[in-house]
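Working through the structure, step by step
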Amino acid sequence: MLKIRRTAVFRGPSVWARVPVIHHVVDIGELEDRPTNKIPGFYEHLTELLPSLYDHGCSVGRPGGFLQRIREGTWMGHVLEHVALELQNLSGAEVIRGKTRSTDERGVYNVVYQFQQEDVGIAAGELGVRLLNHLIYGEEPDFDFVQQMEDRVIRLAERLAYGPSTGAIVSEAERRGIPVLRLDPRRSLVQLGHGKYQKRVWATVTSASPNIAVDIASNKELTNRLLQDVGIPVPRGTVVRTEDEAVRAAARIGYPVVLKPLDGNHGRGVCINLGDEAEVREFFGVALAESRAGTVVVESFITGKDYRILVVDRQVVAVAERVPAHVVGDGRSTVRELIDRTNADPRRGVGHEKILTRITVDSQTMEVLERQGLALEDVPEADRFVQLKLTGNMSTGGTSIDRTDDIHPDNVQIAQQAAMVVGLDVAGIDFVTSDISLSVRQTNGAIVEVNAGPGFRMHTHPTEGHPRHVGRAVIDMLFPGGSPSRIPVVAVTGTNGKTTTSRMIAHIMKTAGRRVGLTTTDGIYIDGTQIMSGDTSGPSSAQMVLKNPAVDFAVLETARGGILRSGLGFDRCNIAVVTNVTSDHLGLRGIDTLADLARVKAVVPGSVLRDGASVLNADNQWTVEMASRARGEIIYFSMDEENPVIRDHVRERGKAVVLRKTRQGEMITLIEHKRDTSLLLASQIPATFEGRARVNIANAMAAAAAAFAGDVQLEYIRQALRSFTSTFFQTPGRFNLLEVNGRRILMDYCHNVAGLEAMTDFVRRMEADRTIAMISLPGDRSDHDMEAFGTIAGRAFDEIVIREDDNPRGRARGEVAEKLQHAVTGAGLDPSRVSIVLDEVEASKKAVERASKNDLVVLFVDKPVKVWEELTQSNGDAMR
């Protein structure tokens, strides 16, 4: 039986080890875990349905390589990886990357593959599972793979894909390394850039498009009047509300005329070349039905070809001749058959989902055919051009011919001026003239419409002629001259110290005048104000910060769990900080060893921009080993200046932050190209409790190194660290010291062995008469960790109260407490000094009650706010 325990799909063409991953759990069910060459007929059936798998080179490195692997025998998890990729490719995506790895449990695999649209990637994986089950077992007798592919993957891909216009802009942004965030997966609303540098596009309307200009463009009568006022040629026209008014206006203007809704778009409701009163009355209702305001424009009909001139940032960037939807007779087929044949073109789809739109047969089609003396069942003679729609709009099935190189300079200037008069940054100018290569002054042509949010597909995918990269012009306008699109991002990971280090970095940057967006396990903070509480150290929280336009600097705590569940919330960071890697959360999600854990956390320094920096702990072997995979400049920090890693790094003219012993005390010192700069004494940082809290000295050095990498002035770093305290208000649940009735109480999240070792070192330095501790561990920690934790606690504290978290994480209520009690007493602590109180608040009270005036109470909390409020309110004392 094979189970795909975890299928991950990851976005974009990034390097494997550094891509964000989004996991989706798939249980394949009853599927023999046999190699493919042991399953009769498997190769033949799979290649019959998916012959394009031949293009997959796999590890063989050439076309046909994957099929060779199937013939020789490979495992089903590997097959699923390639099938999921190919199903996406068949839906129009371009994805190639994937990996499959076995786990310690036979028949259980981790499968990872790339996606461009997450939902499509997941749907492809799910359909791949069903396909493989069907090929082996025939589990679904009525399984129609082709239909299922169409229904579940292709249609989903078409619905979620960017339209051609938005896609052109997004593609150019990605090519330039500008971050892209899709703000609404069901629409084409996209954020380009991060934080304060962000720009937005919705189709081709940009965040720089003035609202007043969009409103003007939506009022066709007002647009024409403004253009006419500056001498730009436009048709004569007027606005009417009734059919009789339209007839009188047409007679006054002179036939033929055009009717169109005052506020319409995409050519809907436009009726052209109406030659008499009867036709005006016949088509008035068509135009009126598309007007939200209930008004219709009657204007003179300009004879000529229909051209669309695209103006971006006052420059003409593309010109297309628009040809109305049509078919060409072959002397054998009916008009209906010719339409069906045209719509079978794979380039045609529904609406704007593809580069061409399918031609629909409606009342307008019937009327246009009637004018040509034809009906749907008639057979046009060979080579006869049969028009099917009145206008050349792409949205009604029209085609386009690129004419960018043909436009006359006079017409260029008039189009530019029209966009400027209306005020649009991106404008589609509809120009009717007999020949765009001749000046409009010669041809008596005119501008018949100015459009906000014009479609790009007639320019990016013309039916004839050269495609134009118009997305480039939009990006040039939004981000001119290499202007920034990214705010600086510092990503902090590690086993212990992440939150405090993140807060220290944020405090330094705020001191330096930046508006900082901070994510931590406590919540999200924007410029020092908490906007969300809870564990926000995952990718969705990171994106909340990066989407916030008030932010000009991001500090993102990046935890192991978030990376494993959903990857990184950013594609690249400027600075990565790895505080340490120690035993914690092992045995979860396939992470069983410290080496496994280090590989997960190495994803963060692996995401650094090439001109960025990776800050690594030289005192931790696992972070030191990350240097070979980290990107950017390596900056080490160390509590020991004589650390061989530091000596070798400095000898090679590398940068480091070290703790140096001086006459004044322990000095945090910056080393750059063998030049030493004294920053401040460790004892001057309030959060170190005069140097007793050694972990906070290390955290401060990591923060200083990150600021050093970010070129922050040294005085800002000094000032910030001198004012960074470990109070409940600044770092809740992290070395918070209270005083209640003369008894000192220390609260901390401490939740692993390494954290406890650091805490016991601090407790010894506090020189209390006695120490009373409330301890616990999350239920998902291993029995070995619980034994080690309890043993250290039993040797370090004089009395212990054991509690449990509300969520036992898979263990029975009381089980964790019993295991810790067994370890504590096994370490030699008298059982009479060990008690179990499962509720956290009640356990906290009991620990405090057991303490005398000069004792130190240490509370390992899970709910620091609730405990802090209970202790301070019930005793009427404030936190120190």
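Some words on the overall build of the protein chain
When you go through the protein chain residue by residue, the secondary structure sums to 29 helices and 38 strands. Judged by the C-alpha coordinates and their principal axes, the protein chain covers about 105 × 70 × 55 Å. Counting over 880 residues, the protein chain shows a buried share of 56%. Of the contacts made within the protein chain by residues no fewer than 6 positions apart, 66% connect residues no fewer than 24 positions apart. Accessible surface, the protein chain as shown: approximately 36600 Å² in total, 47% of it carbon and sulfur. Computed over 105 positive and 115 negative side-chain charges, the separation of the two mean positions in the protein chain equals 5 Å.

Thoughts on the sheet that holds strand 5 (residues 180-184)
In spatial order, the strands read 5-6-7-8; together these four strands make up an open sheet with antiparallel pairing. The open sheet has two free edges, formed respectively by strand 5 and strand 8 (205-206), since each of these has just one partner strand. Bridge count between strand 6 (residues 189-192) and strand 7 (residues 199-202): four bridges; the pairing is antiparallel. Bridge pairing links Val 190 to Val 201 in strand 7.

Section: helix 7 (residues 211-218)
Considered for burial, the residues of helix 7 that qualify are Ala 213, Ile 216 and Ala 217. In an axial view of helix 7, the angular spread of the buried residues amounts to 95°, which keeps them on one side of the axis. Turned more than 90 degrees away from the buried face of helix 7 sit Asn 211 and Ile 212, all of them exposed. Tucked inside the fold, the buried residues of helix 7 contact helix 8 (220-229), helix 13 (409-422) and strand 21 (446-452).

Structural notes on empty space enclosed by the protein
The final tally for this structure, using the stated rule, is two cavities of 30 Å³ or more. By volume, the largest cavity amounts to about 40 Å³. Residue lining of the largest cavity: Ser 537, Gly 538, Pro 539, Ala 542, Leu 556, Glu 557, Thr 558, Gly 567, Leu 568, Gly 569 and Phe 570, and that is the complete set. Broken down by secondary-structure element, the contributors of at least two residues to the lining of the largest cavity are helix 18 (539-547) and strand 26 (553-557). Its residues assigned to classes, the lining of the largest cavity shows five nonpolar, five polar and one charged.

So, the sheet that holds strand 12 (residues 296-300)
Strands sit in the order 9-12-10-11 across an open sheet of four strands; the sheet is antiparallel. Here the strands that pair on one side only, and so sit at the sheet edges, are strand 9 (237-240) and strand 11 (271-274). Pairs of neighbouring strands in the sheet enclose a mean axial angle of 20°, with direction left out of account. Packed on one face of the sheet, helix 8 meets strand 9, strand 10 (257-261) and strand 12 and runs near 40° to strand 12. The sheet contacts of helix 9 (residues 243-253) involve strand 9, strand 10 and strand 12, and relative to strand 9 the element is tilted by about 170°.

Points about a nonpolar patch on the surface
On the surface, a cluster of nonpolar side chains totalling about 260 Å² of accessible area is made up of Ile 531, Met 532 and Met 544. Within the element layout of this structure, Met 544 appears in helix 18.

Here's the deal with the pattern of salt bridges
Using the criterion set out here, one finds 59 salt bridges in the structure. Asp 244 is the salt-bridge partner of Arg 281, the closest N and O atoms lying 3.0 Å from each other. Taken together, the residues span a long stretch of sequence, with Arg 281 in helix 10 (residues 277-289) and Asp 244 in helix 9 at a distance of 37 residues. We classify Arg 281 as partly exposed; its relative accessible area is 29%. Where Arg 765 meets Asp 761, a salt bridge forms, and the shortest distance between an N and an O atom there is 2.9 Å. A residue pair is termed a helical-turn pair when its members lie 3 or 4 positions apart in one helix, as Arg 765 and Asp 761 do in helix 25 (residues 753-766) at four residues. Residue class for Arg 765 comes out partly exposed when judged on its relative accessible area of 36%. Its relative accessible area of 19% is what places Asp 761 among the buried residues.

Re helix 1 (residues 42-49)
Listed as buried for helix 1 are Phe 42, Leu 46 and Thr 47. Projected down its long axis, helix 1 carries its buried residues within an arc of 110°, all on one side. Contacts from the buried residues of helix 1 go to helix 2 (65-72), helix 3 (76-90) and helix 4 (118-137).

Observations concerning the packing of aromatic side chains
Under the criterion given, the structure shown has five aromatic pairs. With a centroid separation of 5.1 Å and 90° between ring planes, the pair formed by Phe 735 and Phe 762 is classed as edge-to-face. Note that Phe 735 is positioned in the loop between helix 24 (714-722) and strand 33 (736-740) and Phe 762 in helix 25, a separation of 27 residues in sequence. For Phe 735, a relative accessible area of 6% translates into the label buried. Under the relative-accessibility criterion, Phe 762 is labelled buried at 0%. Chaining the aromatic ring pairs together yields one cluster made of Phe 689, Phe 735 and Phe 762. When the ring centre of Tyr 162 is taken as reference, the NZ or CZ atom of Arg 182 above it lies at 4.3 Å. Over the ring of Phe 708 we find Lys 655, and its NZ or CZ is 5.4 Å from the ring centre.

Quick word on the side chain of Asn 696
Considering the arrangement of structural elements, one finds Asn 696 in helix 23 (residues 694-709). According to the relative accessible area criterion, Asn 696 is buried, its value standing at 3%.

Details of the pairing of strand 29 (residues 633-638)
Counting buried positions along strand 29 gives five out of six residues, so the element sits mostly inside the fold. Relative to strand 29, strand 28 (residues 608-617) is paired through five bridges, and the arrangement is parallel. Counterpart to Val 615 in the pairing with strand 29 is Ile 635. Where strand 29 lies against strand 30 (residues 655-661), four bridges are found, and the strand directions are parallel. Residue pairing for strand 30: Ile 635 is matched across the bridge by Lys 655. In this view, the connection linking strand 29 to its parallel neighbour strand 30 by way of helix 22 (residues 644-651) has right-handed handedness.

Basis of the calculations
- Residues numbered from 1 in each chain as written.
- Predicted model: local features only at pLDDT ≥ 70, side-chain atom pairs only at ≥ 80, totals over all residues.
- Heavy atoms only, no water.
- Helix = DSSP H or I, 4+ residues; strand = E, 2+ residues; numbered from the N terminus.
- Buried < 20%, exposed > 50% of the residue type's maximum accessible area, 1.4 Å probe, protein only.
- Contact = heavy atoms within 4.5 Å.
- Areas by Shrake-Rupley, 256 points an atom, 1.4 Å probe, with all protein chains shown as cover.
- Lys, Arg positive; Asp, Glu negative; His and termini not counted.
- Charge placed at Lys NZ, Arg CZ, Asp CG, Glu CD.
- Pairing = 2+ DSSP bridges.
- Arc of directions from axis to C-beta.
- 1 Å grid on protein atoms, 1.4 Å probe; cavity = no way out; pocket = protein on both sides within 12 Å on 5 of 7 lines; lining within 4 Å.
- Points joined across faces, edges and corners; volume = space filled by probe spheres on them.
- Nonpolar A, V, L, I, M, F, W, Y, C, P; charged D, E, K, R; others polar.
- Axes fitted to C-alpha atoms, helices over the stretch in contact; angles between N-to-C directions.
- Patch = residues over 30% accessible without salt bridge, like charges linked within 9 Å, V, L, I, M, F, W, Y side chains within 5 Å.
- Salt bridge = Lys/Arg side-chain N within 4 Å of Asp/Glu carboxyl O.
- Phe/Tyr/Trp six-rings, centres within 6.5 Å; stacked < 30°, edge-to-face > 60°.
- Lys NZ or Arg CZ within 6 Å of the ring centre and 35° of its normal.
- Right-handed = clockwise from strand over helix to strand, strands pointing away.

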